[in-house]
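One letter stands for each residue in the lines below.
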Amino acid sequence: MQFYVGDIVQMKKNHPCGAVQWEILRVGMDFRIKCCGCGHMVMLPRVKFEKNVKKVISSTHVEENTQ
Ligand SMILES: [Zn+2]
């Protein structure tokens, strides 16, 4: 699964504010994500992010090839 800055993802657990959507602000060894409900930002290791992400809701990334 590939993730890109600007993607909106759904996590397995809702944020305490009730929102389920998060925006990816930074990718790499560590991911920084922002709650779409309250704006709270979280930094977490890639492995932990991948374990907790449920699905990508929307992505601004355009595939340049189908590989
Ligand atoms: Zn929130």
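This text goes with the structure placed above it.
Note that the structure is a prediction, hence the values are computed from the model and not measured. Residue positions are given per chain, counting from 1 as you read along its sequence in written order. Predicted model: local features are reported for residues with pLDDT of at least 70 only, side-chain atom pairs are reported and counted for 80 or more only, and whole-chain, interface and lining totals are derived from all residues. Excluded from the side-chain calculation are hydrogens and water; included are all heavy atoms of the structure.

J.: Got a minute to help me understand the side chain of aspartate 7 in this structure?
T.: Here aspartate 7 shows up in the segment before β1 (8–11). Comment: no salt bridge for buried aspartate 7; closest opposite-charge side chain is arginine 46, at 9.7 Å. Under the rule applied, a polar contact is a pair of N or O atoms within 3.5 Å (in protein, one hydrogen donor and one hydrogen acceptor; residues adjacent in sequence only if both atoms are side-chain atoms). Of the polar contacts made by the side chain of aspartate 7, one reaches the backbone nitrogen of tyrosine 4; its length is 3.0 Å. To qualify as a helix, a DSSP run of H or I must reach at least 4 residues; to qualify as a strand, a run of E must reach at least 2; elements of each kind are numbered from the N terminus. Only protein chains enter the accessibility calculation, which uses a 1.4 Å probe. A residue is then buried if its area is under 20% of the maximum for its type, exposed if over 50%, and partly exposed in between. Counting rule applied: Lys, Arg positive; Asp, Glu negative; His and chain ends not counted. Basic side-chain nitrogens of Lys or Arg form a salt bridge, by our definition, when they fall within 4 Å of a carboxyl oxygen of Asp or Glu.

J.: Help me understand the coordination of the zinc ion in this model?
T.: Reference values for coordination geometry: four tetrahedral donors around a metal ideally subtend 109.5 degrees, six octahedral donors ideally subtend 90 or 180 degrees. Protein coordination at the zinc ion comes from His15 (ND1), Cys17 (SG), Cys35 (SG) and Cys38 (SG), with a distance range of 2.0 to 2.4 Å. Donor atoms are limited to N, O and S found within 2.8 Å of the metal ion, a distance that becomes 3.2 Å for Na, K and Ca. With water left out, some sites might look partial. Each donor residue of the zinc ion belongs to the same chain, and together they define the spacing H-x1-C-x17-C-x2-C. Of the two residues, histidine 15 sits in the loop between β1 and β2 (21–26) while cysteine 35 sits in strand β3 (residues 30–35), which places them 20 residues apart along the sequence. One exposure class covers both histidine 15 and cysteine 35, and it is buried.

J.: Any chance you could explain the pattern of salt bridges here in plain terms?
T.: As a working rule, side chains carrying opposite charge can pair if their charged atoms are close by. Using the criterion set out here, one finds one salt bridge in the structure. When the shortest N-O distance is used, the salt bridge between glutamate 50 and arginine 46 registers 3.0 Å. One end of the pair, glutamate 50, and the other, arginine 46, are both in helix α1 (residues 46–52), four residues apart, so they sit about a helical turn from each other. Arginine 46 gets classed as partly exposed once you look at its relative accessible area, which sits at 28%.

J.: Sorry if this is basic, but what is going on with the environment of glycine 37 here?
T.: Checked against the element boundaries, glycine 37 lands in the loop between β3 and β4 (41–45). Residues glycine 37 and tyrosine 4 lie 33 residues apart in sequence; the distance between their C-alpha atoms is 20 Å. Residues are treated as being in contact if the distance between any of their heavy atoms lies within 4.5 Å. Residues within four places of glycine 37 in sequence aside, it is in contact with Cys17 and Ala19.

J.: What is the right way to look at the side chain of glutamine 10 in this model?
T.: The topology assignment puts glutamine 10 in strand β1. By relative accessible area, glutamine 10 is classed as buried at 16%. Apart from the residues lying within four places of it in its own chain, the contact partners of glutamine 10 are Val20, Val53, Lys54, Lys55 and Ile57.

J.: Sorry, what's going on with the pairing of β4 here?
T.: The side chains of a regular strand alternate between the sheet's two faces. In terms of strand pairing, β3 meets β4 through five bridges, oriented antiparallel. When the sheet's bridge partners are listed, arginine 32 is paired in β4 with methionine 43. Remark: five residues form the turn of the hairpin made by β3 and β4, two consecutive strands paired antiparallel; glycine 39 in that turn has positive phi of roughly 85°. Strands are treated as partners if at least two bridges between them are detected by DSSP.

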